Structure formats: structure tokens, C-alpha cells
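# Residue-level structure breakdown
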Amino acid sequence: MKIKENLTEIKSQLPAHVTLVAVSKTKPVSDLMEAYNAGQRIFGENKIQEMTEKWEQMPKDIEWHMIGHVQTNKVKFMAEYVSLIHGVDSLKLLQEINKQAKKHNRIIDCLLQIHIAEEETKFGLNEEELNEIFEILKQVQYDNIRIVGLMGMATFTDNQSQIEKEFNHLKAIFDKLQTSNSQLQTLSMGMSGDYQLAISCGSTMVRIGSSIFGNRNYQ
Ligand SMILES: *Cc1c(COP(=O)(O)O)cnc(C)c1O
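Residues numbered from 1 in each chain as written. Predicted model: local features only at pLDDT ≥ 70, side-chain atom pairs only at ≥ 80, totals over all residues. Heavy atoms only, no water.

## Here we look at the overall build of the protein
This is how it is decided: Helix and strand assignments come from DSSP, with helices taken as H or I runs of at least 4 residues and strands as E runs of at least 2, each series counted from the N terminus. The globule rule used here is 2.2 Å times the number of residues to the 0.38 power, and the radius of gyration it is set against is calculated over C-alpha atoms. Contacts are assigned to residue pairs that have any heavy atoms within 4.5 Å of one another. Charged-residue counts in this description rest on Lys and Arg as positive and Asp and Glu as negative, His and the chain ends being excluded. By convention, the charge on Lys lies at NZ, on Arg at CZ, on Asp at CG and on Glu at CD.
Looking only at helices and strands, the protein has eight helices and eight strands in total. Taken over the C-alpha trace, the protein has a radius of gyration of 17 Å; the compact-globule value for 219 residues is 17 Å, and the two agree within 12%. Projecting the C-alpha coordinates of the protein onto the three principal axes gives extents of approximately 50 × 45 × 35 Å. The contacts of the protein with a sequence gap of at least 6 include a subset with a gap of at least 24, amounting to 59%. Here the protein carries 24 positive and 28 negative side-chain charges, and the mean point of each set is 5 Å from the other.

Structure representation (C-alpha cells):
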């Protein structure tokens, strides 16, 4: 395993304004520690239970990002420590995050996930639903959450121009929203296969797993 070398190689390609989330789902703590010892402090997981087990075992200066789809009834298990939730796609979920964050006297940063892919299976809001949420947030104050940006996943395809089109679409939504919401700073898009393209389209946060830790083994 050459986790340290992979990290160094990827980081050398990232502009200074782009944050690297090391996606460590399915990987053992020993692999994460290798990345930690190479200086990585932001890790992304897609299952709350797995993330919590790793949080318990690992050093406490790590930022844990939830990048997967979140079920409302599981928010309570990560509210104590999670740094950023990428996949928020409903007002109901935002309200639950607010409620659980309050119990821990915290403010939890969230990204709203936008559906940009062609596939039906990928979660996320459309532009209309996104605007509805922002309208409600103007009227109701949720003191324990902060929406800091947007997240999206492109279609799983080799067609670069299609991926580029989807990233540009998300960037355009982000720019439009930013004119009236200056707290929006983060645009989370790009994974192992498409992060360079995502950065050229305006990404400020890339979520990279297999290019750091190797392919995942799902059993
Ligand atoms: C697994 C995952 C990634 C990382 O994927 P790689 O192709 O291994 O880099 C990024 N984002 C999300 C939401 C994921 O679930």
C-alpha cells in the first residue's frame, strides 16, 4: 500500500483553494492512520456507524465529513462530532440536524446536495426544491446549522463532456445562489475519476477515495 505517496501526488495537483476530503469508507483504521501520519486531517465516510467507530478510535484533531445519504433517525449518532454533512437533501433533515446539534451546543455545517446526474438513483434536490429551502430559511431561523455550500455527483460515465456539462450546471447554480447568500463558500464536487475536471469547473472541495486508498472491496 502506498497511501502516503498517493496523497502526496494528489495534493501536489490541488490548487491552494481546493480542500481534499480523503474518502476512507470500507477501509480499516490502520489505512486511515497511514493517511493521518502523512498529514491528512479531513476524512469522509458514508455510513454513520462506521464513521462513529473510526471517530472513537482515532485522534481527535480529525474533521469527519459525512458524504453519504443521511437517514433522519441516525443524525443523533454523529451530532456530537461531525464537521460537515455533504448530502443534505431535505428540510426535514436540516431540522433534525439543527435539533441534534442544539443538544450538543454545536453549530453543524451542511452542504445541500443537488441532483446533477442523469441517473435516477443519485440523491439530491432540483433547483426548485433548493430555492424553496432557501425561501424557508429566510423566514425561520435555525441557530444550530449553517449552510456553507453545495455538493453534487456527476453521472458515472466515460463521457467527459457530459460530466463537464453537469459540473458547470452545478457551478452556475452555486454562483447564482451566492449572489444573495454570501455564506456559501464550498462547492463539493469531484471524485477520483473526475476531480481535475471538477476543479477546472470551479470545485473548492474534492472527495477522493480509491486514488488514495486503492479500490474498495465490498463483501
Ligand atoms: C465513495 C464516494 C467518493 C469517493 O469515490 P472515489 O471514486 O473512490 O474517489 C466520493 N463521493 C461520494 C459521495 C462517495 O460516496
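After that view of the structure, there is still more to cover.
## Some remarks on the packing of helix α1 (residues 3-13) against helix α2 (residues 29-37)
The criterion, for reference: Each axis is a line fitted through C-alpha atoms, taken for helices only over the stretch in contact, and angles between the N-to-C directions span 0 to 180 degrees. Working rule for angles: under 35 degrees goes down as roughly parallel, over 145 as roughly antiparallel, 65 to 115 as roughly perpendicular, anything else as oblique. The hand of a helix crossing depends on one turn: near helix anticlockwise from the far one by less than a right angle means left-handed, and clockwise means right-handed. Any residue that is not Ala, Val, Leu, Ile, Met, Phe, Trp, Tyr, Cys, Pro, Asp, Glu, Lys or Arg is counted as polar, Gly included; the first ten are nonpolar and the last four charged.
Running from amino to carboxyl end, α1 crosses α2 at an angle of 50 degrees, the nearest separation of the two axes being 9 Å. Here α1 is positioned oblique relative to α2, judged by the angle of their axes. Our pair here, α1 against α2, has a crossing hand that is right-handed. Within the contact between the two elements, α1 uses I3, K4 and L7 and α2 uses D31, E34 and A35. Split into classes, the residues belonging to the contact of α1 with α2 amount to three nonpolar, no polar and three charged.

## Description of the site of the ligand
We apply this condition: If a single non-hydrogen atom of a residue is within 4 Å of a molecule or strand, that residue counts as near it. Throughout this description, a polar contact denotes any pair of N or O atoms lying within 3.5 Å of each other; where both atoms belong to protein, one of them has to be capable of donating a hydrogen while the other can accept it, and for residues adjacent in sequence the pair is counted only when both atoms sit in side chains. The protein chains shown are the only cover counted for residues, whose accessible areas, like all others here, come from Shrake-Rupley with a 1.4 Å probe.
With respect to spatial proximity, the complete set of residues near the ligand consists of V23, K25, I67, M151, M153, M191, S192, R207, I208, G209, S210 and R216. Within the backbone of G209, a nitrogen or oxygen atom sits 2.8 Å from an oxygen atom of the ligand. S210 has a polar backbone atom sitting 2.8 Å from an oxygen atom of the ligand. Contact with the protein chains covers 90% of the free accessible surface of the ligand, which is 390 Å². The residue inventory of the shell around the ligand, partitioned by class, reads six nonpolar, three polar and three charged.

## Section: unusual backbone geometry
Heads up, the rule is: The buried label goes to any residue with under 20% of its type's maximum accessible area, the exposed label to any with over 50%, and the partly exposed label to all in between, with areas taken from a 1.4 Å probe on protein chains only.
Its identity as a non-glycine residue notwithstanding, T26 has a phi of 70 degrees, on the positive side. The residue T26 is located in the loop between β1 (19-23) and α2 in this model. By relative accessible area, which is 32% here, T26 ends up partly exposed. A positive phi angle, near 55 degrees, is found at N105, a position not held by glycine. Counting through the fold element by element, N105 comes out in the loop between α4 (91-103) and β5 (108-114).

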